[in-house]
Amino acid sequence: MPASDARPRPGPGPPTASPFPLLLLAVLSGPVSGRVPRSVPRTSLPISEADSYLTRFAVPQTYNYSVLLVDPASHTLYVGARDTIFALSLPFSGERPRRIDWMVPEAHRQNCRKKGKKEDECHNFVQILAIANASHLLTCGTFAFDPKCGVIGDLGGRKTLQQRWTTFLKADLLCPGPEHGRASSVLQDVAVLRPELGAGTPIFYGIFSSQWEGAAISAVCAFRPQDIRTVLNGPFRELKHDCNRGLPVMDNDVPQPRPGECITNNMKLRHFGSSLSLPDRVLTFIRDHPLMDRPVFPADGHPLLVTTDTAYLRVVAHRVTSLSGKEYDVLYLGTEDGHLHRAVRIGAQLSVLEDLALFPEPQPVENMKLYHSWLLVGSRTEVTQVNTTNCGRLQSCSECILAQDPVCAWSFRLDECVAHAGQHRGLVQDIESADVSSLCPKEPGERPVVFEVPVATAAHVVLPCSPSSAWASCVWHQPSGVTVLTPRRDGLEVVVTPGAMGAYACECQEGGAARVVAAYSLVWGSQRDAPSRAHTVGAGLAGFFLGVLAASLTLLLIGRRQQRRRQRELLARDKVGLDLGAPPSGTTSYSQDPPSPSPEDERLPLALAKRGSGFGGFSPPFLLDPCPSPAHIRLTGAPLATCDETSI
């Protein structure tokens, strides 16, 4: 496709140059106009670009790197793979891993199978036990407790709930999606964000999916401990065998002390030193009513993020301090097809800023762990290490500001995007609004290459426009005479008319800065207009017609030349007494009958034809109605060919 750097000028009509084929433009994906929801990643890096930011670990013929455990004291990552445990120093950089040999007792495997677990689930369970034993780490299971409550007083019941939790209560976590009409109630994963130094309260970030088949909805909701505690102190649910929903239990039917409460000092004053001294009616009630009647709704009453085209499976979160000193929650979301989404919570909204392809082949993200500034991701085939403070990938001031990464800031002194680490001198950052126009000096705008697009009348042409950011707002500049335009997510559709010829430019704006990202020029191509198309068809038929005439004339001239040569041969034979066609001796006249044709004459296609009129006695040929098969043509005046013949 020819290109030029000058601004294209619209032409009033088709050029006189030789026609060339109509060019079809490939349609590129990506939204180009309107406000894009923050669930769409602002930028996306395919595996070809993202691979330079990743460090991979894998051992040949070893799979299922689904268990990751970090030991901060020894800076070691323990990886539980299929039938193998590895220990790597953090951050790892291609060093030889240490293989740990630990025999799993058969009793653990049998106990796991008795609980109805699958073989893979049992394998993961025993790998966790093996890692915990090998690294000398203490794991307390998967239960979370109120800090003021602890587990000291919960020893189970004396007769009921023996060696079981008596403070174990359940409540539904609901992540509503009013814009879709269905709530996301299937919990996929939870990240607990605990504040440092005990200041503030923890927060729970959960990934939910819909329980309805065919509804591919993923939602992220945040829950506060006080909201959970309020629900746990509320009414219990009475489960009925003939009713799925159940009814709340009346307060008069709840025994005292309240079931599910921790053994506090007040309870000790009432002679309940541990759960072993609780009345049997309390233990029986908590056994039959483990579920609370009210669900736990997220903070602010709505989800932070809802998406219908991405399935999230894993989440980790950490809190980052920006250049201004304000803290922001950064979430890393692992998808079903092996991508990593980096999202920042700004106010009551979670914005997905970056999409990173982690693996060469699509596969689910099995596990994720954060270690300082590194994110460790486990999958079926490998463990991938991602640097969460890689600010050097942002090449300009505008890219650094628009990335809205609380860790990164633009340095005017170094002229690069750096991790600020609490420093303020010569650095700029804007997480809330990303105002590029006021923070960054005006950068020299790139003049895009203008692509000339050959078109024909009434053709539909799509002019692609793919901005570098999915959040950019784009507008088109086109000639004033264009009448039929259709804006699309992937570009602009134009119906070609004489007034549509000329220059088109796609200008995108984000953060107050605008630039032209695509430019085109529509020019007349192979097919000019309807009359010229008819003239072209007529010229083609005339050329074919003249070709047939030329071939017939050539064959006629060859035949006459052969006849004259034959006559000269007969005259020469007559002079020497070899003229087989001469009359008897004494006769001076020749017979008017033509001589018998020789085998050589029979091979001539048009030899000895009539000489009355036209070319060699044949009337001038002309095109008749087309035969049933368009590949064959019949000419009049001579039986040259029929509809089922190809010779002429």
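Just so we're clear, the structure is a prediction, and the values are computed from it rather than from any experiment.

(A) The overall build of the protein chain, seen in detail. Looking only at helices and strands, the protein chain has ten helices and 30 strands in total. Within the protein chain, the proportion of its 648 residues that are buried is 39%. In the protein chain, 60% of the contacts between residues at least 6 apart in sequence involve partners at least 24 apart. Carbon together with sulfur atoms contributes 54% to the accessible area of the protein chain, which is approximately 38200 Å² in total.

(B) The arrangement of a positive patch on the surface in detail. A cluster of basic residues, Arg560, Arg561, Arg564 and Arg568, forms a positive patch at the surface. Considering the arrangement of structural elements, one finds Arg564 in helix α9 (residues 530-575).

(C) Highlighting the pairing of strand β10 (residues 218-223). Across the six residues of β10, six count as buried, placing the element largely inside the fold. Judged by which residues are buried, β10 turns out to be covered on both faces: Ser218, Val220 and Ala222 on one side and Ala219, Cys221 and Phe223 on the other are all buried. Note that strand β9 (residues 203-209) and β10 share six bridges and pair antiparallel. Residue pairing in the sheet places Phe204 in a bridge with Phe223 of β10. The sheet contact formed by β10 and strand β13 (residues 305-307) spans three bridges and is antiparallel. Each bridged residue has a counterpart across the sheet, and for Ala219 the counterpart in β13 is Val306.

(D) Here's a closer look at the sheet that holds strand β22 (residues 416-419). Ordered in space as β22-β21-β23, the three strands form an open sheet in which the pairing is antiparallel. Only two strands of the sheet have a single neighbouring strand rather than two, namely β22 and β23 (427-428). When strand β21 (residues 408-411) meets β22, the two strands line up antiparallel, connected through four bridges. Opposite Trp410, over in β22, you have Cys417 as the bridge partner.

(E) View of the sheet that holds strand β20 (residues 383-387). Spatially, β3-β20-β19-β18 is the arrangement adopted by the four strands of the open sheet, whose pairing is antiparallel. Edge positions in the sheet fall to β3 (54-57) and β18 (367-371), since each of these pairs with one other strand and no more. Sheet twist, expressed as the mean angle between neighbouring strand axes with direction ignored, is 20°. Relative to β20, strand β19 (residues 374-378) runs antiparallel, the two being bridged by five bridges. By the bridge assignment for β20, Val377 is matched with Thr384.

(F) Geometry of the nonpolar core. Of all hydrophobic cores here, the largest spans 38 residues; its most connected members are Leu340, Leu356, Leu358 and Leu375. The greatest single-element share of this core, amounting to four residues, is contributed by helix α7 (residues 397-402). Discounting residues that sit within four places of it in the chain, Leu340 has contacts with Tyr332, Leu333, Glu354, Asp355, Leu356, Leu358, Met368, Leu375 and Val386. In this structure, Ala472, Cys474, Met501 and Cys508 belong to the second largest nonpolar core, which totals 22 residues.

(G) How the structure looks around the side chain of Gln404. Checked against the element boundaries, Gln404 lands in the loop between α7 and β21. Given a relative accessible area of 6%, Gln404 falls into the buried group. Contacts of Gln404, omitting those with residues within four sequence positions, involve Arg38, Val344, Ile346, Leu353, Asp430, Ile431, Glu432, Ala434 and Trp471.

(H) Region of interest: the pattern of salt bridges. Evaluated as defined, the whole model comprises 15 salt bridges. We note a salt bridge from Glu510 to Arg42, for which the minimum N-O separation is 3.0 Å. Separated by 468 residues along the polypeptide, Glu510 in strand β29 (residues 502-510) and Arg42 in the loop between β1 (3-4) and β2 (43-45) bring together distant segments of the chain. Of the two residues, Glu510 and Arg42, neither departs from the other in class, the shared state being buried. A salt bridge links Arg237 to Asp293; the shortest N-O distance between them is 3.9 Å. Placement of Arg237 in strand β11 (residues 237-240) and of Asp293 in the loop between α6 (280-288) and β13 is noted, with a sequence separation of 56 residues between them. Residues Arg237 and Asp293 agree in their burial class; the two are buried. Several salt bridges share partner residues, and in doing so they unite Arg342, Glu354, Arg393 and Asp405 into one network.

(I) The confidence of the model for the protein chain, seen in detail. Here the protein chain averages 75 in pLDDT, while 69% of its residues score no lower than 70. Within the model, the stretch residues 527-531 combines pLDDT values under 50 with nine contacts to residues more than four positions away or in other chains. Residue range residues 575-648 is modelled with pLDDT below 50. Its contacts to residues more than four positions away, or to other chains, number 64 contacts.

(J) Main features of the packing of aromatic side chains. Counted according to the given criterion, the structure contains seven aromatic pairs. Taken together, a centroid distance of 5.6 Å and an interplanar angle of 75° make the contact between Phe57 and Phe86 edge-to-face. Of this pair, Phe57 sits in strand β3 while Phe86 sits in strand β6 (residues 84-89), and the two are 29 residues apart along the sequence. Of the two residues, Phe57 and Phe86, neither departs from the other in class, the shared state being buried. Considering the side-chain rings of Phe57 and Phe92, the 6.3 Å spacing of their centres and the 65° angle between planes classify their relative orientation as edge-to-face.

(K) Focus on α6. Val282, Leu283, Phe285 and Ile286 are the residues of α6 that are buried. Projected onto a plane normal to the axis of α6, the buried residues spread over an arc of 160° and lie on a single side.

(L) Molecular detail of the pairing of strand β5 (residues 76-81). The buried fraction of β5 is high, at six of six residues. Both faces of β5 are covered, namely the face carrying Thr76, Tyr78 and Gly80 and the face carrying Leu77, Val79 and Ala81. Note: strand β4 (residues 67-71) against β5, five bridges, orientation antiparallel. Directly across from Asp71, in β5, lies its bridge partner Thr76. Count of turn residues in the β4/β5 antiparallel hairpin: four residues, of which His75 carries a positive phi of about 50°. Where β5 lies against β6, six bridges are found, and the strand directions are antiparallel. Residue pairing for β6: Val79 is matched across the bridge by Phe86. Turn length for the β5-β6 hairpin, with the two strands adjacent in sequence and antiparallel, is two residues, and the turn residue Asp83 shows positive phi of about 65°.

(M) Expanded view of a nonpolar patch on the surface. Together, Leu187, Val190 and Val192 line one region of the surface with nonpolar side chains, adding up to about 200 Å² of accessible area. Within the secondary structure, Leu187 sits in strand β8 (residues 186-193). The exposure class assigned to Leu187 is partly exposed, which follows from its relative accessible area of 41%.

Thresholds, definitions, all that
Sequence positions are assigned chain by chain, starting from 1 and proceeding in written order. Given that the model is predicted, a residue must reach a pLDDT of at least 70 before its local features are reported, and side-chain atom pairs must reach 80 or more before they are shown or counted; all residues, however, enter totals for whole chains, interfaces and linings. Only heavy atoms go into the side-chain values, all of them from the structure, while hydrogens and water stay out. Numbering goes from the N terminus for both helices and strands, where a helix is a DSSP run of H or I of at least four residues and a strand is a run of E of at least two. Working definition: with a 1.4 Å probe on protein chains only, accessible area under 20% of the residue-type maximum means buried, over 50% means exposed, and in between means partly exposed. The contact criterion used is simple: two residues touch if any of their non-hydrogen atoms lie within 4.5 Å. Computed with the Shrake-Rupley method and a 1.4 Å probe, the accessible areas treat only the protein chains shown as cover for residues. Put simply, a patch holds well-exposed residues, over 30% relative accessible area, that have no salt bridge, with like charges counted together within 9 Å and Val, Leu, Ile, Met, Phe, Trp or Tyr side chains within 5 Å. Criterion for a salt bridge: a side-chain nitrogen of Lys or Arg within 4 Å of a carboxyl oxygen of Asp or Glu. Counting rule for charge: Lys and Arg are taken as positive, Asp and Glu as negative, and neither His nor the chain ends is counted. By convention, charge coordinates are those of NZ in Lys, CZ in Arg, CG in Asp, or CD in Glu. When DSSP finds two or more bridges between two strands, those strands count as paired. Axis definition: a line fitted to C-alpha atoms, over the contacting stretch in the case of helices. Angles run 0 to 180 degrees between N-to-C directions. Definition used in this section: a nonpolar core is a set of buried Ala, Val, Leu, Ile, Met, Phe, Trp, Tyr and Cys residues joined via side-chain atoms within 4.5 Å. Confidence scores per residue from the predictor, reported as pLDDT, run from 0 to 100. Ring geometry is summarised as follows: Phe, Tyr and Trp rings, the Trp one being its six-membered ring, pair when their centres sit within 6.5 Å, and such pairs are stacked at plane angles under 30 degrees, edge-to-face over 60 and tilted between the two. Summarising the geometry, the arc corresponds to the directions from the helix axis toward the C-beta atoms.

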